[in-house]
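# Overview (structure and organization)
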Amino acid sequence: MKRRVLELLSKHGVLIEPDAADFLCRQPNPLELVETQLLISERNSSMIITLGQLQNILSSKNIAEMNQINILTKISKPPMEPKINVLKDITGNSTCIGDINSFVKLFRSRYKTVKKLLLRRRELLGAASISKARRSDGEIRLVGMVSEVRTTKNGHRLIRLEDEDDSILVLAIKNSPAFSDTIVSDEVIGVIGKVAKKGDMIVADEIIRPDVPVGGGMKKNDSDAWAIFVGDIHVGSDMFLENQWNSFIDWLKTADEAKNVRYMIMPGDLVDGIGIYPEQEDELRIDDIYRQYELLAEYLKEIRDDISIIACPGNHDAVRLAEPQPSLPESFGKFFDSNVSMVGNPAQIELEGRNILIYHGRSIDDWIAAIPGLSYDKPLDVMKEMLRRRHLAPIYGERTAIAPEEKDYLVIEDIPDIFVTGHVHHAGMGDYRGVIMINASTWQSQTAFQRMHNHMPDPCKAFMVHLGIGKARVVKFT
Ligand SMILES: [Fe+2]
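In this report, the structure presented in the accompanying data block is examined.

### What to know about the sheet that holds strand E19 (residues 472–476)
Read from one edge of the open sheet, 6 strands run E12-E11-E10-E9-E18-E19, paired in mixed fashion. Pairing within the sheet leaves two strands with one partner each, and these edge strands are strand E12 (340–342) and E19. Between one strand axis and the next, the sheet turns by 20° as a mean value, whatever way the strands run. With 5 bridges connecting them, strand E10 (residues 261–267) and strand E11 (residues 308–312) associate as parallel partners. By the bridge assignment for E11, Pro267 is matched with Cys312.

Below you can see the structure in the form of structure tokens.
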């Protein structure tokens, strides 16, 4: 049986680790499982299936399928106690002293972490160091960090790739498969290609990204709680949409569909801040940062006590601008009730068995500037790029300030079940390889600065995800 299973997978270009193959063959009807579960996605063809992924695939239901379940008729257990487990957060862990050596450590941490993710890919089996690759004949595979990208006068792309000991130029010939995907500065990529110019250059056949492997997505659990996501409140701004916000709070108190909301996640720009953009002072209702947070705390006191609130800062909030940002300091945190937890930006947390990545999204500006086709009205496309490249903000030296921490907190090391951003004041929800992506709207109408940049917000939408089954929905308060 095992031989037939392996032959069938191999026929479709899918590799499987030995312990995963053994596990598969112990299941009833393994050949049927291969056909109905493992070969349904084109993504399988580019990965090695591990035991963990296989167990995930076999025990998970497709979110679309899960959405058909009427959860209101299924709730039978008493609610779990709210439990917030912070998995990854710079708060209290900063090592940043800002010297040049710290940046070396940051980029080394990024290289090592993303390299580890890349080496899980079948295509990069046997990847060599740059110094070894340049002495090789035939096809070579390597991993490196992009230190420079430029276009030659003939329209080809020339990439300077570095690893810990060496660097080399990689040529992606115009219109070749290796040329099709934009390369951004400081990302870590895999390259398959051939050595040219006596070891001084590699002509790329293919660029490999760490990406999100097959088999993701929420497995059903016992939780009956909903998490609700509301971003970019901007309390203190003249354009804060107070009436709509109050409608939202009333809905949380009274609506039947809100009674099982037990977590509220706020991905930054909690207040409008002071001096954030030119002539902001003309659009501030409150020009005292302490008063802005006091008022936010008053609004949050109106929210039901049984809802745990988790909030991270954004670029309008009163913490350092450089990412990763620590949580709001106690001088502001003291205004809030005990059901409000302040975390850093980004932060990865666990709620009722769900891994949730919260990132304000300042780097979306840099992604849009760097990659043709990305735009402010489609933030989910940007989030997909972050997941594909397993990094929230790889580009150094543009609009997103990066703090030289010894560990790169912006690498997406663990794949989240839910990934939420804000920042662009748009709204959207989608799915990428089982990861639920949310861009969490705003509660601020158009500012003069946004008008000048022809940016129209999409405000007053609250996105909800059922943590037990992954069902998702949006509620509008416009
Ligand atoms: Fe904002």
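### Topic: the packing of aromatic side chains
Counted by the stated rule, this structure contains 14 aromatic pairs. Relative to Phe477, the ring of Trp443 lies with its centre 6.0 Å away and its plane at 40°, an arrangement referred to as tilted. Here Phe477 lies in the segment after E19 and Trp443 lies in the loop between strand E17 (435–440) and helix H13 (448–452), a separation of 34 residues in the sequence. One aromatic cluster in this structure is built from Phe240, Trp245, Phe248, Trp251, Tyr299, Trp443 and Phe477. If you follow Arg157 out to its NZ or CZ, it ends over the ring of Phe179, 4.2 Å from the centre.

### A look at the coordination of the iron ion
Around the iron ion, the protein contributes the donor atoms Asp232 (OD), His234 (NE2), Asp269 (OD) and His425 (NE2), which lie 2.0 to 2.2 Å from the metal centre. Coordination geometry of the iron ion: the 4 donor atoms subtend angles of 87 to 175° at the metal centre, consistent with an arrangement described as irregular. Sequence spacing among the residues donating to the iron ion works out to D-x1-H-x34-D-x155-H. Of this pair, Asp232 sits in the loop between strand E9 (226–229) and helix H8 (242–254) while Asp269 sits in the loop between E10 and helix H9 (289–301), and the two are 37 residues apart along the sequence. Given the relative accessible area of 1%, Asp269 is considered buried.

### Side note on H9
Between its terminal C-alpha atoms H9 stretches 19 Å, which fits the 18 Å expected from 13 residues at 1.5 Å a residue. Between a side-chain oxygen at the N-terminus of H9 and the backbone nitrogen of Tyr290 the separation is 2.7 Å; the capping residue is Asp288.

### Section: the side chain of Ser237
Considering the arrangement of structural elements, one finds Ser237 in the loop between E9 and H8. Here the side chain of Ser237 touches Gln444 through a polar contact of 3.0 Å, side chain to side chain. Residue contacts for Ser237: discarding those within four places in its chain leaves Asp272, Glu283, Leu284, Arg285 and Gln444.

### Quick look at the side chain of Thr421
Examined against the element boundaries, Thr421 turns out to sit in strand E15 (residues 418–421). Taking relative accessible area as the criterion, Thr421 reaches 0% and is therefore assigned buried. At 2.9 Å, the side chain of Thr421 and the side chain of Asn439 are in polar contact. Dropping the residues within four chain positions of it, Thr421 is found in contact with Pro267, Tyr359, His360, Ile364, Met383, Ile438, Asn439 and Ala440.

### Some thoughts on unusual backbone geometry
Across the junction of Glu323 and Pro324, the peptide omega takes the value 5°, indicating a cis bond. As for its placement among the helices and strands, Pro324 is situated in the loop between E11 and helix H10 (330–333). Notably, His234 is not glycine yet its phi reads approximately 60°, a positive angle. Mapped onto the fold, His234 is located in the loop between E9 and H8.

### Here we look at the sheet that holds strand E5 (residues 157–162)
As summarised here, the arrangement of the 5 strands in space is E4-E5-E6-E8-E7, forming a closed barrel in which the pairing is mixed. Strand-to-strand twist of the sheet, defined as the mean angle between neighbouring strand axes without regard to direction, takes the value 55°. When strand E6 (residues 167–172) meets strand E8 (residues 201–208), the two strands line up parallel, connected through 3 bridges. Across the sheet, Val170 pairs through a bridge with Ile202, a residue of E8.

### Remarks on the pairing of E6
When a strand is regular, its side chains alternate between the sheet's two faces. Burial analysis of E6 places 5 of its 6 residues in the buried class, the great majority of the element. Where E5 meets E6, 6 bridges bridge the pair, whose relative direction is antiparallel. Its bridge partner lying in E6, Arg160 is registered against Leu169. Linking two consecutive strands that pair antiparallel, namely E5 and E6, is a turn of 4 residues.

### With respect to the pattern of salt bridges
Applying the stated criterion across every chain, the model contains 29 salt bridges. The partner of Arg209 in a salt bridge is Asp181, and the shortest N-O contact between them spans 2.6 Å. Separated by 28 residues along the polypeptide, Arg209 in the loop between E8 and E9 and Asp181 in the loop between E6 and strand E7 (188–196) bring together distant segments of the chain. Comparing Arg209 with Asp181, the two get one shared label, buried. Asp337 serves as the salt-bridge partner of Lys301, at 2.9 Å between the closest nitrogen and oxygen. Of this pair, Lys301 sits in helix H9 while Asp337 is found in the loop between H10 and E12, placing the two residues 36 residues apart along the sequence. A residue is classified by how much of its surface remains accessible, and Lys301, at 39% relative accessible area, is partly exposed. Salt bridges sharing partners connect three or more residues here, namely Asp181, Glu187, Arg209, Glu385, Arg388 and Arg389.

### Some remarks on the nonpolar core
With 43 residues, the main nonpolar core has Trp245, Phe248, Trp251, Met264, Met266, Tyr293 and Leu300 as its most contacted residues. For this core, the secondary-structure elements that each account for two or more residues are E9, H8, E10, H9, E11 and strand E18 (461–466). Leu300 has contacts with Trp245, Met264, Met266, Ile309, Phe336 and Val340, leaving out every residue within four places of it along the chain. With 39 residues, the next largest nonpolar core counts Tyr359, Val382, Leu387 and Tyr432 among its residues.

Reading the values: the criteria
The residue count restarts for each chain, going from 1 along the sequence in the order it is written. Note on the predicted model: pLDDT of at least 70 is required for a residue's local features to be given, and 80 or more for side-chain atom pairs to be given and counted; whole-chain, interface and lining totals, by contrast, use all residues. Derived side-chain values reflect all non-hydrogen atoms in the structure, with water molecules and hydrogen atoms excluded from consideration. Following DSSP output, two strands are said to pair if at least two bridges run between them. Strands are runs of DSSP state E lasting at least two residues, helices are runs of H or I lasting at least four, and both sets are numbered from the N terminus onward. Note on geometry: axes are C-alpha line fits, over the in-contact stretch for helices, and angles between N-to-C directions span 0 to 180 degrees. When the centres of two rings from Phe, Tyr and Trp lie within 6.5 Å, Trp using its six-membered ring, the rings pair. Their planes under 30 degrees apart give stacked, over 60 give edge-to-face, and anything left gives tilted. Only Lys NZ and Arg CZ are tested; either one counts as a charge over a ring when it is within 6 Å of the ring centre and within 35 degrees of the ring normal. Here a donor is any nitrogen, oxygen or sulfur atom (N, O, S) within 2.8 Å of the metal, with 3.2 Å used for Na, K and Ca; water is not among the atoms considered, so some sites may look incomplete. For a four-donor site, all angles between 85 and 135 degrees give tetrahedral; for four or six donors, opposite pairs above 155 degrees with the remaining angles between 65 and 115 give square planar or octahedral; all remaining cases count as irregular. A simple rule labels every residue: compare its accessible area, found with a 1.4 Å probe on the protein chains alone, to the largest value its type can have, and call it buried under 20%, exposed over 50%, or partly exposed in between. Multiplying 1.5 Å by the helix residue count minus one yields the expected span of that helix. A 3.5 Å cut-off defines polar contacts: any pair of N or O atoms within that distance qualifies, except that in protein one atom must be a possible hydrogen donor and the other a possible acceptor, and neighbouring residues in sequence count only when both atoms are side-chain atoms. Note on contacts: a residue pair is in contact if any heavy atoms of the two residues lie within 4.5 Å. Within this document, salt bridges are pairs made up of a side-chain nitrogen of Lys or Arg and a carboxyl oxygen of Asp or Glu, the two lying within 4 Å of each other. Side-chain atoms within 4.5 Å link the members of a nonpolar core, which is a set of buried Ala, Val, Leu, Ile, Met, Phe, Trp, Tyr and Cys residues.

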